[in-house]
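Reading the structure
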Amino acid sequence: MAVAAPVPDLADRATDCADRLREAGRVLLASHIDADGITSAAIASTALARAGIDHEVVFEKQLDADSIAGIAAREFDVVCFTDFGSGQLDVIADHEERGDFVPVIADHHQPADRDTRYHLNPLLEGIDGASELSGAGASYLLARALEGPDGDNRDLAALAVVGAVGDMQDSADGLVGANEAIVADGVDAGVLDARTDLDLYGRQTRPLPKLLEYASDVKIPGITNDEAGVISFLTDLDVDAKRDGEWRRWVDLGAAERQRVASALMRRAVASGVPSDRIESLVGTAYTLVDEEPGTELRDVSEFSTLLNATARYERGDVGLAVCLGDRGDALAEARRLLRTHRKNLSEGLQWVKTEGVTHEEHLQWFDAGSRIRETIVGIVAGMAVGSPAVDRSKPVIAFAEESAAELKVSSRGSHALVRQGLDLSTVMREASQSVGGDGGGHDVAAGATIPTTERDAFLAAADELVGEQLG
């Protein structure tokens, strides 16, 4: 018996798309190369395989006229786009009209001013694509509509949650909106556990001192970035922080031990004058992949998404896809190697920003890394800078890096507090870039663009004016 659709408002669109894919027999699956895009591809690829639909997977860093022309040249009658496609519908629809291919789109980004019949996007039904449903979530709804006699694909909810968290949709209240229905599917299917826990990155893999020392979202004096302070704090607790001379991890602690550490951390934060809303954010919803080995980065949704992001930033989406599809040998080893490289590069990039500083305009702040920070990671460095003393949290930050001799990659990051005040970086990036002959978009809290190298200052002036208008 089929289980009810997780998001009823999108059920008809999902069914329509699934029916067209079944008719195709052979499909090209094209997906965005980031954590959300890789999980989107893995979900769609698994569902296509289970439905007996022959397909190939390709990844694109960005979907532009050239990459769409390359896809059209592949001579597939049907192309399934996941985690992109909606924003490029103007170009895609031209190819469709010429008979190059039939597009089937499962995306959550702002659609261009064209439509196509097989289009699954939460924004078309009034569901927020920035906070309520990710690309992987849209792919999951498609997978559920592709269900066959052997199962309903609910096990794929685990990857959809990894994608949503990788797409920064995890708020102080956990995943919300349509994402909640996907979490419920994963819990019901026995592949996901969701519970309240200390909301720090590295619960599965980091030794306790590093877990607390590196937890910079909530700055606690004597703990954050203070190795000696953390060790003193742990030593004073009635908890066996070490076993056989080795530091234990959060995952190694029993429930009572976790409670003692969390309570002591809260007391320290209160005593240090940390604002109450920041203290509350120390606790959140932890999503655990039940079938993965405890103590590995695949067990924790946040750590899994970071691992995938590392493969994406070095253009090895194939490695991330293989991990999502179950390869726990060579692909996982290569993903871990890429993650080590990624962390080193991020650390060096953030240090560069702290050393060089940022330039302030009236409504935003910016830095130009040139070729010193890889263009695929400059956005992440900008996001890390927002959480550091290097930048002013009351303004969004814009980062530039060299994409080619002729083009600059632009990445922008804000905060959820600024978004609540009216900030929408997707609009800023799109309109400011288009005003100088580039293009861009994304989400309200994080967006990007590509512009001609010579147009940086004109772009900044336009972006600064737009942010000023939004924040009043």
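Residues numbered from 1 in each chain as written. Predicted model: local features only at pLDDT ≥ 70, side-chain atom pairs only at ≥ 80, totals over all residues. Heavy atoms only, no water.

Once that is clear, we can look at the packing of helix 12 (residues 301-313) against helix 14 (residues 330-356). Axis separation between helix 12 and helix 14 bottoms out at 8 Å; the angle between their running directions is 80°. Considering their axes alone, helix 12 and helix 14 lie roughly perpendicular with respect to each other. Within the contact between the two elements, helix 12 uses Thr306, Leu307, Ala310, Thr311 and Arg313 and helix 14 uses Leu332, Ala335, Arg336, Leu338, Leu339, His342 and Arg343. Residue composition of the contact of helix 12 with helix 14, by class: six nonpolar, three polar and three charged. (Axes fitted to C-alpha atoms, helices over the stretch in contact; angles between N-to-C directions. Helix = DSSP H or I, 4+ residues; strand = E, 2+ residues; numbered from the N terminus. Parallel < 35°, antiparallel > 145°, perpendicular 65-115°, else oblique. Contact = heavy atoms within 4.5 Å. Nonpolar A, V, L, I, M, F, W, Y, C, P; charged D, E, K, R; others polar.)

Another aspect to go through is the sheet that holds strand 1 (residues 26-32). Here five strands make up an open sheet; going across it, the order is 2-1-3-4-5 and the pairing parallel. Where the open sheet ends on each side, the last strands, each with one partner, are strand 2 (54-60) and strand 5 (119-120). Sitting on the sheet, helix 5 (residues 135-145) is in contact with strand 3 (78-82), strand 4 (102-106) and strand 5, with an inclination near 115° to strand 4. (Pairing = 2+ DSSP bridges.)

Attention now moves to the pairing of strand 2. Relative to strand 2, strand 1 is paired through seven bridges, and the arrangement is parallel. By the bridge assignment for strand 2, Leu28 is matched with Glu56. Viewed along the sheet, the connection from strand 1 through helix 2 (residues 35-50) into strand 2 turns out right-handed. (Right-handed = clockwise from strand over helix to strand, strands pointing away.)

This paragraph deals with the UniProt feature "domain: DDH" (unreviewed entry) in the chain. UniProt records the feature "domain: DDH" (unreviewed entry) for residues 27-161 in the present numbering. Secondary structure over residues 27-161 splits into 36% helix and 19% strand, and the C-alpha atoms at its two ends are 25 Å apart. (UniProt positions renumbered as here; feature names shortened; annotations may be inferred.)

A word on the pairing of strand 4. The buried count for strand 4 comes to four of five residues, which makes it a mostly enclosed element. When strand 3 meets strand 4, the two strands line up parallel, connected through five bridges. From the neighbouring strand, Phe81 faces strand 4, where its bridge partner is Ile105. With respect to chirality, the unit in which strand 3 leads through helix 4 (residues 89-97) into the neighbouring parallel strand 4 is right-handed. Pairing between strand 4 and strand 5: two bridges, direction parallel. Within strand 5, the residue paired with Ala106 across the bridge is Leu120. (Buried < 20%, exposed > 50% of the residue type's maximum accessible area, 1.4 Å probe, protein only.)

UniProt's entry tags residues 200-283 with the feature "domain: DHH-CID" (unreviewed entry), counted in the numbering of this structure. Secondary structure across residues 200-283 comprises 44% helix and 6% strand; the distance between its end C-alpha atoms is 8 Å.

Moving on, we come to unusual backbone geometry. With phi around 60°, Glu75 is a residue other than glycine that occupies positive phi space. Tracing the backbone through its elements, the reader meets Glu75 in the loop between helix 3 (65-72) and strand 3. Look at Asn153: it is not a glycine, yet its phi comes out positive at around 65°.

Glancing now at the packing of helix 6 (residues 157-166) against helix 7 (residues 178-188). For any two helices packed against each other, one specifies the inter-axial angle together with the distance between the axes. Contact geometry for helix 6 and helix 7: axes closest at 8 Å, N-to-C directions at 140°. Once helix 6 is placed against helix 7, the crossing between them reads as left-handed. Seen from helix 6, the contacting residues are Ala157, Ala160, Val161 and Ala164; seen from helix 7, they are Asn179, Ile182, Val183, Asp185 and Gly186. Across the contact of helix 6 with helix 7, the residue classes break down as six nonpolar, two polar and one charged. (Left-handed = near helix turned anticlockwise from the far one by under 90°.)

Applying the stated criterion across every chain, the model contains five aromatic pairs. Ring geometry for Phe81 against Phe84: centres 6.3 Å apart, planes inclined by 65°, an arrangement best described as edge-to-face. Judged by its relative accessible area of 5%, Phe84 falls in the buried class. Here the aromatic rings of Phe81 and Phe101 are separated by 6.0 Å at their centres, their planes lie at 55°, and the arrangement is tilted. Here Phe101 lies in the loop between helix 4 and strand 4 and Phe81 lies in strand 3, a separation of 20 residues in the sequence. Of the two residues examined, Phe81 and Phe101, each falls in the buried class. One aromatic cluster in this structure is built from Phe81, Phe84 and Phe101. Taking NZ or CZ as reference, Arg26 lies 3.9 Å from the ring centre of Phe76, over its face. (Phe/Tyr/Trp six-rings, centres within 6.5 Å; stacked < 30°, edge-to-face > 60°. Lys NZ or Arg CZ within 6 Å of the ring centre and 35° of its normal.)

Attention shifts here to the sheet that holds strand 12 (residues 397-402). Each strand in a sheet pairs with its neighbour through backbone hydrogen bonds, running either in the same direction (parallel) or in the opposite one (antiparallel). In spatial order, the strands read 10-11-12-13-15-14; together these six strands make up an open sheet with mixed pairing. Since the sheet does not close on itself, it has two edges, and those belong to strand 10 (359-360) and strand 14 (439-442), each with one partner. Strand direction decides the pairing type here: strand 13 (residues 407-413) and strand 15 (residues 446-452), joined by seven bridges, are antiparallel. Within strand 15, the position partnered with Ser412 by the bridge is Ala447. Set on the sheet, helix 15 (residues 378-386) makes contact with strand 11 (365-368), strand 12 and strand 13; between it and strand 13 the angle comes to about 30°.

Moving on, we come to the environment of Val410. Tracing the chain through its elements places Val410 in strand 13. Assessed through its relative accessible area of 0%, Val410 is described here as buried. Distance in space between the C-alpha atoms of Val410 and Ser388 is 20 Å, their sequence separation being 22 residues.

Below, the discussion takes up the pattern of salt bridges. A full pass over the atoms with the stated rule returns 32 salt bridges. With a shortest N-O distance of 3.8 Å, Lys210 and Glu227 are connected by a salt bridge. Here Glu227 lies in helix 9 (residues 227-235) and Lys210 lies in helix 8 (residues 208-213), a separation of 17 residues in the sequence. Here Lys210 falls in the partly exposed class, since its relative accessible area comes to 26%. (Salt bridge = Lys/Arg side-chain N within 4 Å of Asp/Glu carboxyl O.)

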